[in-house]
Each structure stands twice: as C-alpha cells, then as structure tokens.
Amino acid sequence: MNQYKPELQATAKDLDELFRLSDAGADSIYVGHQDFANRASGDLTIDEIKQATEHLQAQNKKIYVMVNAIYHNEHLKALPSYLKQLESINVDGIVAGDQAIYQVIKDIGSSLSINWHPSTLATNYQTLKFWHKRGLSRATLSNELSLDAVREIKEQVDFPIDIQIHGMTNIFQSKRRLVQNYYDHVGQYYDPDQKRFIKEDRKEDTHYPIFEDKNGTHIMSNEDLMMIDHLDIILDAEIDGLKIEGILKETDYNEAIVAIYREAIDTYLADPEAYQQKKSGWKQRIYQIQPNDRRLNTGFYFKEQIY
Amino acid sequence: MTTKQKPELLAPAGNLEKLKFAIHYGADAVYIGGRQFGLRSKAGNFTFDEMAEGVEFANQYGAKVYVATNIIAHNENLDGAHEYFKKLYEVGISAVIAADPALIDACREAAPDLEVHISTQASVTNWKTAEFWKNEGLPRVVLAREVSVEEIKEIKENVDIEIEAFIHGAMCISYSGRCVLSNHMTSRDANRGGCAQSCRWKYDLFEDGTDGTVDISDENDEKYTMSSQDLSMVEHLPDLIEAGVDSLKIEGRMKSIHYVATVVNVYRKIIDAYFEDPEGFELNSEWVDEIWKAAQRNLSTAFYYGEPTHKDQLYGRPERLPKYDFAGLVLDYDPETQFATIQQRNNFGVGDEVEFFGPNFKRFKQTIVELYDETGEPIERAKHAMMITKVKIDHPVHYLDMMRKQK
C-alpha cells in the first residue's frame, strides 16, 4: 500500500489566517517575524507562535517557523535564545537559509528540525546531500527549476522535498533600502505602508511587487505560480511538501486557494480520473478570485533557461 | 605601528594577457575563469594550456592563480566536476573560489590539496558562517559585500580564518546569488553566468492604492532603477588592513587591460606605502586621481561604513566621467636615442597629449612630437591596430609600460 501523503503547506500573516487556512485544509503552516525571517507574510510574536503551535498540533498539523533571514553579526546575538524559545514551544521545525544555522544549532545543542530554504541556492541534489549530512531534515527547492529537475532531485535524496505550487515567488533581495532611496532621490515623502510594484520599461503588462522590511528590499515575481492542473505530475513524483505562498495576498484569497488545492490533491490521490475531469473547474475557480493585475502561470516548471 | 601582515592584492584576469598585466603591475594573486563552472561566461576564460602558461608566468613573480568555479549548479552541471578540479590542481592552480557545496565537495574529493575559498556568491555575512566553513576545514571566505568594516573586525576576532574582501569594482545591488531578476525577465540564469544586469535597467515605480495606481516615476520624471555605484576603497584601504582582511580583491574579469593595470598599480602603491610607514601614512591625491582614470561609474564605499543611501545609487543619465584609452604598449626603449618602440592599441598621433605609466606608480605626461612607423618613415598618426611605432619619449620607460590618452 502506498504510504505517500503529501503535505499541503501554507503561510499565515496572523493567527486569524492561520486558523482559517488550517480549517481550509492546510497540513502545515509557515509563520515568522521579520526580526529573523525573510518574507514572512506577517509578524507573529512568540506568544502567538505558541498559541498557533498548540492549535495546529491538536489537529495533527504542523507549524514551521521561518528564521530564514540572511544573518549579520547583530542577528546572532538574539538568535540562540529565539531558537531555544521555539524549541521549548515544540514547533515542528525551523525554516532557514543562512549557512550559519548549522553552526548555531550545533553550538546550542538544539534538536530543532531544519527545513533548508536558501531561496535561489537549492538547485541540485549534491548540494542538498551536503546539507543533509550537516543536519537538514527537509529542503525547499529553488523556484527556478524545471519539474524534471525537481523529480530528479527527489529520486536522488532520502529526505522530504518541498516545492512551491501557488502564489508569488521571491526573485530579488537587497540589504539596501531601494524604495526609500528612490523617494529620497526625488525628494518625495516615503510611506512604508504603501503597496508598490515596478513595471519594466515599455512592457505594459509587467507587475513586480516590491517592498522593504528589516531585511532590506524584496522583489516578487511578475506572475503567480499556479500548478492546479499539473498536480498529477507532482503527486506521481511523490514530492513531499506542496507550498502555497500567501505573501501579499488577502486571507480570503488564500483560504479559497488552500481549499481548492486540498480538494484537488485528495481527489487525485483517491481517483486520478476524477482529478482530470475536475481540474478545469478548479482552475476556473482560481481565475475567478485572481486579482486582475496578477497573471497566473507555471513559473520555471516547464521553461528552459539559458546562461 | 601596524601589527598586521601585508595582505594579498588579488586582481581579476579575464584572459592570459590581462593575467600578465595584473601580475606585472603588482597583484600578488589573480583569479581567472576556466571553460566550466564559472560565472563570467562572456569573459575570455582560460583553457588548461593557458592556465598552465599563466601559472608559469605567475611563478616568476611568486604570484598565485585562483580559478572561479562559482556557479550555483543544477543537476546537469555536475558532470565532469571531479575531472575538472583534478586538472586544475595538476596545472598548478592555488585555489578555487566556489559557492555551491556540490562543487566544494567535488573539489575536496578530486583534489584534496587544492584550496577551496568560499565565494561571495554564498553571501557570507556573519561570523558564525565563517566559523562553519573554518570547521569544514576551508582556509578562506570571500565576504558578502554587505559587511561593514566593524563587522569584519568582529569576524576576525571570533574566527581564525582568512578573509577576502572586495576593495574595488562593480557590485551586485542584491545579495549576490539571491537575485534571479535576469532569470525571470530574460530566461537567462544569473547564477550560472547568464546575468542580464536587470537591476541596472529602467523601471516605472507604482504606488498601488485602493483607488488605482499612481506612476511615481512618471510624476517625478525620473525612472526607477536599482543600479549601484561602483565600490572603491582607495581612500580608506588602511581601515580594511587594520580590520584584518587577508586578501584585498579587485572586481572585474570583463574589464580591460588598461583598467586592470591602472587599478592594480594604485592599490599596490597604497599597500606598500602603508606598510613602509603606517604611522606617517597619508592619502596621496594622485592615487585617487589615478583611480578615476579607470572609473566607469561614480564610486562609493558601499556597506563598509554603514548602509548605503540614495547617494550610492545611479539614477538618471550616466555621469560624464573622463574616459581614457589604452593608446599604446611599450615594447622596448633605447636610452641612447630616447625612442620607445610602441605597439598601437588605439589611434594616436603627433600633437596628442598622452600619459605613460608603469609599475611602482611611475607616470608622466607628454605631447607626442616625433612619431615613426616600423620602417623609420615619419607618420602623423598611428592608425592601424597593433602597428609598431617609434616614439620620442621625455623620460625612460620600460617593457610593459603603457601609454594612455584621454578620449
């Protein structure tokens, strides 16, 4: 009998979203705080994380806490005690992207599981095997990979592999304040709470969200990833974690998306034929709630790159 | 008195000729790219034979040759890595610069005695990461460009590992390796050498309000961009030396011979002057003046003294900087006749004001008065590429001195 049971992962900006996404069918939720996390969709305090952990674990669901900032010496002062707090709360794992985590976890004798998520740097299986030997428990692959490459990595490693299946992806991070700098340059007041995007010159339909936080400036992809009608390939490859990135999206939207993918995944695993019949319907439901300025596509999963 | 050891001056070499100039002008080590695993797919890049020749040349000066193998590999890029590293070791390469642990492992397995340095592409930004690599047995990390002088001191105080830090050249405005703008905008993989420099393009910046969007760049008549000024520590080198940096690195495998020779020459001079008399060291404005002759953008100290602001970025039209051509290369000099044999590298002729410069910061200006072709016929201009000329020179010059001319 096939033991494969994929984990539908989602991100939460606050407790309300966390409860709703859990109810909608997410198996695990990513949370964090910008003090240690890159691109958490909202900032949760330790108390909130504790509450979230109790809530999710009571339903046999998991919580991962993002500590995936690119650390500077300053981060390292408070990081050990933050990690110890997370360990005592008994979260299911941390999501990290700075190589220092392997040293820090060892130094403090922590038993926290590491989900290795170095954004652009998880691109081949040998690299992941290297980090597995140093302590990773699972890994989130880079988004700029073909599904063939994802499959090959999954075949080569013996720990869980996560990929993103929906939502925007991060494509750039600078430590500089690249938005505020522009406002300073033109002499205009900078409101940090304003939503913004950049558009390529002479490319009318481009829309790259851009924002600043404690970790610098982040730019997100032009399109939202949508793999609803390719879940068969992903599930046949037995990819372990299927992640819906909810950053910069309303809770209503994320809740609906999680529910749709929950239904699609369960349908495929129970009855692949039924999945094929129903997938255009799910796709339509997504199009109906998709913001007008955010196109949907399949990212790099079916795309060739040159170099 | 400084208690520090003299740091290495590390220069880029896009091809064999640039390697020779970099070393002749004072680099203690150069880094080059081979045909595989390197990020500068458009730089000349060395065959193994050229590497061997480069190593032989470097050995005459006691200099070292490093090879950048700094791509972030995909599955299909891993083939042949072991053979490649083995071959690098055999041709006498002193170290490889790598960011991807897959390649680090391949190198350690195939050539255990070949040093591995962690590339800036891996974003080493803190002392725990440095400690991690120290414990892995690696001798050196190249720091991320986001690290300040104070942070470098802390890293050195906490970890006994060699630190390589950039002192001059172009910079990623992102954390290096953490940018895939190029992948998304052009399908060219930045982390495998295909970077289209999308950060330096022009964009429109919109505010996305509830009542629609506002094009802020249009309102201000100034396009949005993320282009960075270039790094230069020409005025602050002792700070990095005293912070304990072991290798001072110049960026630019794609840059010209004129650029490499000029920049290396200046930093060589500064390092030597500082170690000759640390107490009495003073910045010489001629060094700064010389650096600007090779500058391609305005210059910044980036993160070394705190977070860069809008003043460290490039908006609007490029600044008009004086540009210099590499006009001729000195092949020979006859002290009796005071004529130099010069190989033309860019059009020059009688009446032109030119500047000669060579290693040890030797330089002088003169006007060209007497110019002859190879057969001894007087000519007005040296128009043909690589033609051999004779030029009357005001002061003695040497083989591999260079002649530059303002554009």
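Residues numbered from 1 in each chain as written. Chains lettered and ligands numbered in written order. Predicted model: local features only at pLDDT ≥ 70, side-chain atom pairs only at ≥ 80, totals over all residues.

K.L.:
Help me understand the overall build of chain B, please; the structure alone is not making it clear to me.
P.N.:
Counting secondary structure elements, chain B contains 11 helices and 21 strands. For chain B, whose C-alpha radius of gyration is 23 Å, the value lies close to the compact-globule estimate of 22 Å for 407 residues. In terms of principal-axis extent, the alpha carbons of chain B reach across some 70 × 60 × 50 Å. Sorting the 407 residues of chain B into buried and exposed places 51% on the buried side. In chain B, once contacts between residues fewer than 6 apart in sequence are set aside, the share between residues at least 24 apart is 65%. (Helix = DSSP H or I, 4+ residues; strand = E, 2+ residues; numbered from the N terminus. Rg over C-alpha atoms; globule rule 2.2 N^0.38 Å. Buried ≥ 20, exposed ≤ 12 C-beta atoms within 10 Å, placed from the backbone. Contact = placed C-beta atoms within 7 Å.)

K.L.:
Is there a simple way to explain the domain arrangement of chain B in this structure?
P.N.:
Often, the extent of an interface is quoted as the loss of accessible area on bringing the components together. Residues and elements named next belong to chain B. Domain assignment breaks chain B into domain 1 (8–171 + 228–312) and domain 2 (324–406). For domain 1 versus domain 2, the separation of C-alpha centres amounts to 32 Å. Listed as interface residues are 10 residues of domain 1 and, on the opposing side, 8 residues of domain 2. Looking at the side of domain 1 that touches domain 2 element by element, the count peaks at 5 residues for helix α10 (residues 257–276). Here the side of domain 1 that touches domain 2 is built from residues that sort into 3 nonpolar, 5 polar and 2 charged. (Domains from an automatic or database assignment. Nonpolar A, V, L, I, M, F, W, Y, C, P; charged D, E, K, R; others polar.)

K.L.:
For this particular structure, what's the right way to read the sheet that holds strand β9 (residues 212–215) of chain B?
P.N.:
Reading across from one edge, β8(A)-β11(A)-β10(A)-β9(A)-β8(B)-β9(B) is the order of the 6 strands in this open sheet, with antiparallel pairing throughout. Strands at the two margins of the open sheet, each flanked by one partner only, are β8 (170–174) of chain A together with β9 of chain B. When the angles between neighbouring strand axes are averaged without regard to direction, this sheet yields 30 degrees. Of the strand pairs in this sheet, strand β8 (residues 203–209) of chain B and β9 of chain B are connected by 4 bridges, and their pairing is antiparallel. Of the residues in β9 of chain B, the one forming a bridge with G209 of chain B is G212 of chain B. (Pairing = 2+ DSSP bridges. Axes fitted to C-alpha atoms, helices over the stretch in contact; angles between N-to-C directions.)

K.L.:
Got a minute to help me understand the pairing of strand β7 (residues 162–169) of chain B in this structure?
P.N.:
Consecutive side chains of a regular strand alternate in pointing toward one face of the sheet and then the other. Residue and element names in this part refer to chain B. The element β7 is largely enclosed, with a buried count of 8 among its 8 residues. Across 3 bridges, strand β6 (residues 140–142) lies against β7 in parallel orientation. Following the sheet pairing, V142 is matched in β7 by E164. Once the chain exits β6 it traverses helix α6 (residues 149–158) before rejoining the sheet at β7, and the crossover so formed is right-handed. Where β7 and strand β11 (residues 247–250) come together, 4 bridges link them in parallel fashion. (Right-handed = clockwise from strand over helix to strand, strands pointing away.)

K.L.:
Just checking my understanding: could you explain the interface of chain A and chain B for this structure?
P.N.:
Contacts between the two partners involve 54 residues from chain A and, on the opposite side, 58 residues from chain B. Sorting the residues of the side of chain A that touches chain B by element identifies α3 (73–89), α4 (100–107), α5 (125–133), α6 (147–156), β8, α7 (178–186) and β9 (196–200) of chain A as the ones contributing at least two each. Looking at which element gives the most residues to the side of chain A that touches chain B, the answer is α7 of chain A, with 6 residues. Here the residues of the side of chain A that touches chain B are counted per class, giving 22 nonpolar, 20 polar and 12 charged.

K.L.:
Whenever I open this one, the UniProt feature "domain: Peptidase family U32 C-terminal" (unreviewed entry) in chain B confuses me. Can you help?
P.N.:
Cross-referencing UniProt, the feature "domain: Peptidase family U32 C-terminal" (unreviewed entry) maps to residues 323–404 of chain B in the present numbering. End C-alpha to end C-alpha, residues 323–404 of chain B measures 10 Å, and it is 0% helix and 54% strand. (UniProt positions renumbered as here; feature names shortened; annotations may be inferred.)

K.L.:
I'm lost on the packing of α4 of chain A against helix α5 (residues 127–135) of chain B in this one. Help?
P.N.:
Geometry of a packed helix pair, given as the angle between the helix axes and the separation of the axes. Relative to each other, α4 of chain A and α5 of chain B sit at 85 degrees, their axes nearing to 7 Å. Here α4 of chain A is positioned roughly perpendicular relative to α5 of chain B, judged by the angle of their axes. Contacts between α4 of chain A and α5 of chain B involve A100, Y102, Q103 and V104 of chain A from the former and K128, T129, E131 and F132 of chain B from the latter. When its residues are assigned to classes, the contact of α4 of chain A with α5 of chain B shows 4 nonpolar, 2 polar and 2 charged. (Parallel < 35°, antiparallel > 145°, perpendicular 65-115°, else oblique.)

K.L.:
So what exactly am I meant to see when it comes to the environment of F206 of chain B here?
P.N.:
Relative to the helices and strands, F206 of chain B resides in strand β8. The contacts of F206 of chain B, once residues within four sequence positions are left out, are R196, F197 and K199 of chain A together with T213, V214, D215 and I216 of chain B.

K.L.:
Please explain the sheet that holds strand β17 (residues 362–367) of chain B as it appears in this structure.
P.N.:
Strand-to-strand pairing in sheets goes through backbone hydrogen bonds, with the strands running parallel or antiparallel. Residue and element names in this part refer to chain B. The antiparallel open sheet is built from 7 strands, whose spatial order is β17-β16-β21-β13-β14-β20-β18. Strand pairing shows two members of the sheet lacking a second neighbour, β17 and β18 (371–373), which therefore form its edges. Strand-to-strand twist in this sheet, taken as the mean axis angle between neighbours without regard to direction, amounts to 30 degrees.

K.L.:
Help me understand the environment of D239 of chain B, please; the structure alone is not making it clear to me.
P.N.:
Secondary-structure assignment places D239 of chain B in helix α9 (residues 237–243). Sequence-wise, D239 of chain B and T309 of chain B are 70 residues apart; in three dimensions their C-alpha atoms are separated by 21 Å.

K.L.:
I would appreciate a short explanation of unusual backbone geometry in the present structure.
P.N.:
In terms of backbone geometry, most residues other than glycine have negative phi values and most peptide bonds are trans. Residues and elements named next belong to chain B. Although it is not a glycine, D221 adopts a positive phi angle of roughly 50 degrees. Considering the arrangement of structural elements, one finds D221 in the loop between α8 (216–219) and β10 (230–232). On the basis of neighbour count, D221 is assigned to the exposed category, with 8 C-beta atoms found within 10 Å. With phi around 75 degrees, L400 is a residue other than glycine that occupies positive phi space. By C-beta crowding, L400 is classed as partly exposed, having 15 other C-beta atoms within 10 Å.

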